[in-house]
Amino acid sequence: MNYTTRPQAILLLADGTIFYGKSIGISGTTFGEVCFNTGMTGYQEIFTDPSYFGQIMVTTNPHIGNYGVNVEEVESDIIMISGLVCKNFSFNHSRPDSESNLFDYFQKQNLICISDVDTRALVSYIRDNGAQNAVICTDETSIDDLKNQLSRIPNMKGLELASKVSTSEPYFFGDENATYKIAAVDLGIKKNILRNLSKRDCYIKIFPFDATFEELKSFNPDGYFLSNGPGDPEPLVETIEVAKKIIENNLPLFGICLGHQIIALANGIATYKMFNGHRGINHPIKNLITGKGEITSQNHGFAVDRVALENNSDFIITHVHLNDNTIAGMKMKSKNCFSVQYHPEASPGPHDSSYLFDDFIKNIKSSSKL
């Protein structure tokens, strides 16, 4: 196609607001909750992160595609976002170790993208009006038809999405002769989490989102892990029950993001849908135990209720988000359980948060099993 004469495209928000742009050349429509990521690098990791399933991503970096794609930089085997909104889409790439351009990568998976959008105005609008459902249309579907279709898309609140991205069968990662065995519940687990555990002498068995406690326990693990993932944590009733049993038995448990929220719900601590959510690689966190700051990678639209957590005498708050004082980490006082609401495996600091994996191993070493 002639990239200089690309067809017009639109982004229609649930409240009727329309942003105009151009198609990159992949025709169709796609629906999801529109959100934005403030990271200046790492677009491929964002696109393949299972936690973004069901969401239309707005990138705040004005240039997307300029360094191509590399198979080593994915967090899952496929693109997970529902669609992309960007300012400048680069059909050419200039990084020596890139394997292909972003357009071919999108075309193979039929990922709908609208470019030439005023993303500064769009992000400002989302910040003022909150995350909401939207549709990208790059064909000639009428506005009325799009509004009708969009009205039938379910809200993210109450939406269970972990089952859409979880493995259907258990699988293994790492060296089977490693010192520690970890049972990980896949709610949308990122590959780099598995790499970080394996690097710390762990052999991991990854279970489907609906695995029972008995199934996890049959692996005879030294520790348990609840992963990140998309959607509302409240509908994951079975996973919440699994977390309860792990905690009741005082087994080493570590949760990240959605796993963090599951641990809260397992202890009767409420979660809520955020107005915008936290998505980016520049989020400042304070460790209340050490007093140190961390620059973190975050991707979540739900959070643990701070008042409910403060009223639960079994927990202490370990980390807070310095932008809005939301809960970024917590730990149980009398159980071998802790969790964080950010991604230590992403390490934009670059090593500010990697100690959390080491803390998990320390907890395993100190547990009664070893």
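Below: a short report on this structure. Here the structure is a predicted model, which is why all the values come from computation and not from measurement.

## Brief notes about the overall build of the protein
Scanning the protein from terminus to terminus reveals 11 helices and 19 strands. Here the C-alpha radius of gyration of the protein, 21 Å, is about what a compact globule of 370 residues would show, namely 21 Å. Seen through its C-alpha atoms, the protein measures out along the principal axes to roughly 65 × 45 × 40 Å. Burial status across the protein gives 57% buried among its 370 residues. Pairs at least 24 apart in sequence give 73% of the contacts found in the protein among residues at least 6 apart. Of the roughly 15400 Å² of accessible surface on the protein, 47% is carried by carbon and sulfur atoms. Averaging the locations of the 32 positively and 42 negatively charged side chains of the protein gives two centres separated by 5 Å.

## A few points about the nonpolar core
Counting residues in hydrophobic clusters, the biggest one holds 41 residues, and the most contacted among them are Phe47, Leu84, Val85, Phe89, Leu102 and Phe106. Here this core takes four residues from helix α2 (residues 102-109), the largest share from any one element. Discounting chain neighbours no more than four positions away, the residues touching Phe106 are Ile24, Ile26, Phe47, Ile79, Leu84, Phe89, Leu111 and Cys113. With 37 residues, the next largest nonpolar core counts Ile246, Leu258, Ile262 and Leu309 among its residues.

## So, the side chain of Gln132
Within the fold, Gln132 resides in strand β9 (residues 132-137). A polar side-chain atom of Gln132 sits 3.0 Å from the main-chain amide nitrogen of Asp15. Non-local contacts of Gln132, meaning those with residues more than four positions away in its chain, are made with Leu13, Ala14, Asp15, Gly32, Glu33, Val34 and Tyr125.

## What to know about the pairing of strand β17 (residues 315-321)
The buried count for β17 comes to six of seven residues, which makes it a mostly enclosed element. By the bridge criterion, three bridges tie strand β15 (residues 271-287) to β17 in an arrangement that is antiparallel. Bridge pairing in β17 links Lys286 to Val320. Bridge analysis of β17 against strand β18 (residues 327-332) gives five bridges, and the strand direction is antiparallel. Paired with Ile317 across the two strands is Met330, which belongs to β18. In sequence, β17 turns back onto β18 through a hairpin of five residues, with Asn325 there showing a positive phi of about 65°.

## A few points about the sheet that holds strand β14 (residues 253-256)
Taken in spatial order, the 10 strands line up as β10-β12-β11-β13-β14-β19-β18-β17-β15-β16 in an open sheet, and their pairing is mixed. At either margin of the open sheet sits one strand with a lone partner, and together these are β10 (171-173) and β16 (293-304). Going from strand to strand, the sheet's axes swing by 25° on average, the running direction of each strand aside. Helix α6 (residues 191-199) rests against β10, β12 (202-207), β13 (223-226) and β14 of the sheet, and its axis sits at about 145° to β12. Where helix α9 (residues 258-266) meets the sheet, its contacts fall on β13, β14, β15, β16, β17, β18 and β19 (337-340), and the angle it forms with β14 comes to roughly 120°.

## Regarding helix α8 (residues 237-248)
The terminal C-alpha atoms of α8, which comprises 12 residues, lie 17 Å apart, in line with the 16 Å expected from a rise of 1.5 Å per residue. Asn250 occupies a position one or two residues after α8 and carries a positive phi of about 55°.

## Let's talk about the pairing of β12
Across the six residues of β12, six count as buried, placing the element largely inside the fold. Covered by surrounding structure in β12 are Cys202, Ile204 and Ile206 together with Tyr203, Lys205 and Phe207, the residues of both alternating faces. Pairing of β10 with β12 involves three bridges; the strand directions are antiparallel. Paired with Tyr171 across the bridge in β12 is Ile206. By the bridge criterion, six bridges tie strand β11 (residues 180-185) to β12 in an arrangement that is parallel. Each residue of the ladder has a partner; that of Val185, found in β12, is Phe207.

## A short note on the packing of aromatic side chains
Within this structure, the stated rule accounts for 15 aromatic pairs. Summarising the aromatic geometry, the rings of Phe89 and Phe91 are spaced 5.1 Å apart at their centres and angled 70° between planes, so their arrangement reads as edge-to-face. Accessibility classification places Phe89 together with Phe91 in one group, the buried group. When the ring of Phe254 is compared with that of Phe338, the centres are 4.5 Å apart and the planes differ by 10°; the resulting orientation is stacked. On the criterion of sequence distance, the pair formed by Phe254 in strand β14 and Phe338 in strand β19 is long-range, its members being 84 residues apart. As far as the burial class goes, Phe254 and Phe338 line up, both buried. Following the ring pairs from residue to residue traces out a cluster consisting of Tyr43, Phe47, Tyr67, Phe89, Phe91, Phe103 and Phe106. Across the ring face of Phe219, the terminal group of Lys181 is positioned such that the distance to the ring centre comes to 4.5 Å.

## Here's the deal with the side chain of Ser353
Mapped onto the fold, Ser353 is located in the loop between β19 and α11 (355-366). Overall, Ser353 belongs to the buried group, its relative accessible area being 3%. With sequence-adjacent residues up to four places away left out, Ser353 is seen in contact with Glu294, Thr296, Tyr342 and Pro344.

What counts as what
- Residues numbered from 1 in each chain as written.
- Predicted model: local features only at pLDDT ≥ 70, side-chain atom pairs only at ≥ 80, totals over all residues.
- Heavy atoms only, no water.
- Helix = DSSP H or I, 4+ residues; strand = E, 2+ residues; numbered from the N terminus.
- Rg over C-alpha atoms; globule rule 2.2 N^0.38 Å.
- Buried < 20%, exposed > 50% of the residue type's maximum accessible area, 1.4 Å probe, protein only.
- Contact = heavy atoms within 4.5 Å.
- Areas by Shrake-Rupley, 256 points an atom, 1.4 Å probe, with all protein chains shown as cover.
- Lys, Arg positive; Asp, Glu negative; His and termini not counted.
- Charge placed at Lys NZ, Arg CZ, Asp CG, Glu CD.
- Core = buried A, V, L, I, M, F, W, Y, C linked by side-chain atoms within 4.5 Å.
- Polar contact = N/O pair within 3.5 Å; in protein donor to acceptor, adjacent residues only side chain to side chain.
- Pairing = 2+ DSSP bridges.
- Axes fitted to C-alpha atoms, helices over the stretch in contact; angles between N-to-C directions.
- Expected span 1.5 Å × (residues − 1).
- Phe/Tyr/Trp six-rings, centres within 6.5 Å; stacked < 30°, edge-to-face > 60°.
- Lys NZ or Arg CZ within 6 Å of the ring centre and 35° of its normal.

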